[in-house]
Amino acid sequence: MSIAYLEVRKLAFIKLDATNIYFSSDFRIKDTFSQLFFNFCFNRKEIGMTPAVDLMQKTESNKKSSLVKEKSNLHAETKRAKRKKPKTQEHVKSKRSKNKIDMELDHFFAEFSDKPKVPLQIQLDYARNGHSVLRSFLSPTFLSEHLYPLLLAHHHSSNNSLAAWQQKVQVAGSLPSLLVQNQFPTISSCKSQLKKMLQTPVVEIPFLQHFNTWRVYPLIEKLVTSPFLASSAATLLDVPSVRLYQDALFVKNLSKDGPTPWHSDAKMAPFDTSHMITFWIPLQHIPKHGGTGLRFVDKSHSDFALPFWNDENSVEYNRLEQRYSFDDPCDSNGDYNRDCVQDHMPLDLGDITVHAGWTLHCADAGNKDEKKTRTGGERYALAVSYVDARAEVREEYFENTKSEAKRLGDAEDHLSFRDWIGEVEPRKLLDHPLIPIVWPNIYDGSK
Ligand SMILES: O=C(O)CCC(=O)C(=O)O
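Read on for an overview of the structure.

Thresholds, definitions, all that
- Residues take numbers from 1 onward in each chain, read along the sequence in its written order.
- Only residues with pLDDT of at least 70 get local features here, since the model is predicted, and only at 80 or more are side-chain atom pairs given and counted; chain-wide, interface and lining totals rely on the full set of residues.
- Helix and strand assignments follow DSSP, with helices taken as H or I runs no shorter than four residues and strands as E runs no shorter than two, numbered in order from the N terminus.
- Exposure classes come from backbone-placed C-beta atoms, where a residue is buried if 20 or more other C-beta atoms lie within 10 Å of its own, exposed if 12 or fewer do, and partly exposed in between.
- We call two residues in contact when the distance between their C-beta atoms, placed using the backbone, is within 7 Å.
- At least two DSSP bridges between two strands are required for those strands to pair.
- In this analysis, axes come from line fits to C-alpha atoms, helices being fitted only over the stretch in contact, and the angle between any two N-to-C directions falls in the range 0 to 180 degrees.
- The nonpolar core criterion groups buried Ala, Val, Leu, Ile, Met, Phe, Trp, Tyr and Cys residues into a set whenever they are joined through C-beta atoms within 7 Å.
- When describing relative orientation, an angle under 35 degrees is termed roughly parallel and one over 145 degrees roughly antiparallel, while 65 to 115 degrees is termed roughly perpendicular and anything else oblique.
- Crossings are sorted by hand: turned counterclockwise from the far helix by less than a right angle, the near helix makes the crossing left-handed, and turned clockwise it makes it right-handed.
- For this scheme, ten residues count as nonpolar: Ala, Val, Leu, Ile, Met, Phe, Trp, Tyr, Cys and Pro. Four count as charged, namely Asp, Glu, Lys and Arg, and the remainder, Gly too, count as polar.

Let us look at the overall build of the protein chain. The number of helices and strands found in the protein chain is 17 helices and 13 strands. Relative to its full complement of 447 residues, the protein chain shows a buried share of 48%. Counted over contacts in the protein chain with a minimum sequence separation of 6, partners at least 24 positions apart contribute 83%.

Printed below as a string of structure tokens:
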């Protein structure tokens with residue numbers, strides 16, 4: 001999920017690097033990286049996602065996803081990915097017969113219809129701390145040989161990369177999407193513009209991201225609407241039914257991109273709920289040292305007192321390091337204070353972390369000196385988010401169309417929900433095919 005600075009307006013924060021974490025008292029001035037993100041959060045206007053599919057049309061009239069469609073799509077994407085990045089695609093076994101791939105997918109799809117047992121200890125950890133890890137949860141083969149090639153191809157398709165860069169320009173400059181698309185028609189023009197806007201010699205972003213790949217690829221639709229993930233979401237959230245909110249592909253360039261700043265996801269979503277969960281699925285092994293897995297502030301999801309007692313301009317938001325015991329954030333090895341900041345690295349392929357909507361989390365930048373040692377120099381992760389099916393949408397997202405100033409929360413996910421937000425009503429039970437109820441298992445993709 002994308003970035004909302006944790007209460008950035010209130011907070012004044014944050015700079016993080018591999019060895020240091022501290023809160024800045026005026027991040028807008030001190031830190032251009034944060035400046036970029038501030039713009040990201042509060043000024044962002046959405047741009048279109050490519051390949052340009054009419055998502056609503058697809059969903060309403062054409063969403064009878066068949067195994068045949070999934071397999072042919074996968075074959076096509078795998079082929080494209082291989083053409084694009086031959087080196088990183090060596091493991092895409094092009095020689096494997098179609099039959100073998102079909103059998104594998106049948107196997108995975110059968111597995112997805114299972115309702116896994118989420119161990120009680122994990123449920124307890126999640127409830128207490130606002131995050132946990134599900135080890136060996138997904139098949140490494142599915143991830144490395146099916147999901148990763150598909151998403152690699154997606155990210156490297158020229159249209160999608162361009163759209164992701166244009167989004168950065170649009171957000172950094174608070175520009176209308178059409179203007180950006182017309183004035184910055186290439187990635188290099190976007191990068192030069194970002195340099196100018198940020199007045200920095202290099203452009204440091206935390207990642208590029210692509211929302212809702214499930215609407216484009218039946219393979220991913222199968223995964224994110226599956227009982228496998230959805231029932232686990234219901235178990236961890238401890239709610240009877242869950243709705244798919246979104247997926248987001250995060251691609252972090254390990255040699256160029258900066259850290260993912262501290263933020264909480266629920267601030268970006270349009271729902272009035274505390275019941276939101278994200279499954280963060282890395283598509284590569286994430287090592288313990290130098291790894292770019294998520295780091296979480298323990299129990300931050302249940303810090304009800306912070307917003308209740310503290311006005312958004314209050315000093316409390318400027319001393320979160322004391323509040324969360326960040327005063328001694330690093331030990332001599334550069335690790336975070338284990339009392340309050342946890343991670344689950346190393347993460348093997350198949351391990352996934354889960355975090356609550358209000359849990360504060362971040363991720364380190366890649367180690368720039370090690371840039372050549374990692375596969376493709378990019379870290380891929382697919383974040384899949386669910387909410388309690390009873391969650392309602394807040395009204396300011398509707399008022400917001402008239403007045404930017406009225407919006408509460410961050411606008412970062414707007415691109416994700418713009419296709420349905422105008423078609424639902426606030427404070428009502430939601431019923432829209434782009435945010436389907438996926439547990440109990442009533443989703444059949446044909447709505
Ligand atoms: O992958 C990242 O660096 C950020 C992901 C994130 O913030 C999320 O999934 O909520």
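Following the structure, the description resumes.
Right, let's get into the sheet that holds strand E9 (residues 341-343). Hydrogen bonds between backbone atoms are what pair the strands of a sheet, whose relative direction is either parallel or antiparallel. Pairing is antiparallel in the open sheet, where 4 strands are placed in the order E6-E11-E8-E9. With partners counted over all chains shown, the strands left at the sheet margins are strand E6 (260-263) and E9, one partner each. Ignoring which end each strand starts from, the neighbouring axes of this sheet average 25° apart.

Right, let's talk about the pairing of strand E4 (residues 208-211) for a bit. Successive residues of a regular strand alternate their side chains across the two faces of the sheet. Residues Leu-208 and His-210 line one face of E4 and the alternating positions Gln-209 and Phe-211 line the opposite face, and both faces are buried. Taken together, the 4 bridges between E4 and strand E5 (residues 242-253) define a ladder with antiparallel strand orientation. What sits directly across from Leu-208, in E5, is Val-251.

Most of E5 sits inside the fold, with 11 of its 12 residues counted as buried. When E5 meets strand E12 (residues 378-388), the two strands line up antiparallel, connected through 11 bridges. Looking across to E12, one finds that Lys-252 is bridged to Arg-379.

Look at the link from Met-345 to Pro-346: it is a cis peptide, with omega at 5°. As for its placement among the helices and strands, Pro-346 is situated in the loop between E9 and strand E10 (352-356). Here the residue pair Trp-439 and Pro-440 is connected by a cis peptide bond, since its omega of 0° sits within 30 degrees of zero. In this fold, Pro-440 is placed in the segment after strand E13 (437-439).

On to the nonpolar core. Membership of the largest hydrophobic core comes to 95 residues, with the highest contact counts inside it found for Leu-151, Ala-233, Val-242, Ile-281, Leu-283 and Leu-382. In terms of residue count, helix H8 (residues 140-156) provides more of this core than any other element does, 8 residues in total. Not counting residues within four places of it along the chain, the set of residues in contact with Ala-233 comprises Val-242, Ile-277, Tyr-386 and Trp-439.

Two elements in contact, helix H9 (residues 158-173) and helix H11 (residues 187-198), have axes separated by 9 Å at closest approach and are oriented at 20°. By the angle between their directions, the pair H9 and H11 is classed as roughly parallel. Here the hand of the crossing between H9 and H11 comes out left-handed. Contacts between H9 and H11 involve Ser-161, Leu-162, Trp-165, Gln-166, Lys-168, Val-169, Ala-172 and Gly-173 from the first element and Ile-187, Cys-190, Lys-191, Gln-193, Leu-194, Met-197 and Leu-198 from the second. Among the residues making up the contact of H9 with H11, the classes are represented as 9 nonpolar, 4 polar and 2 charged.

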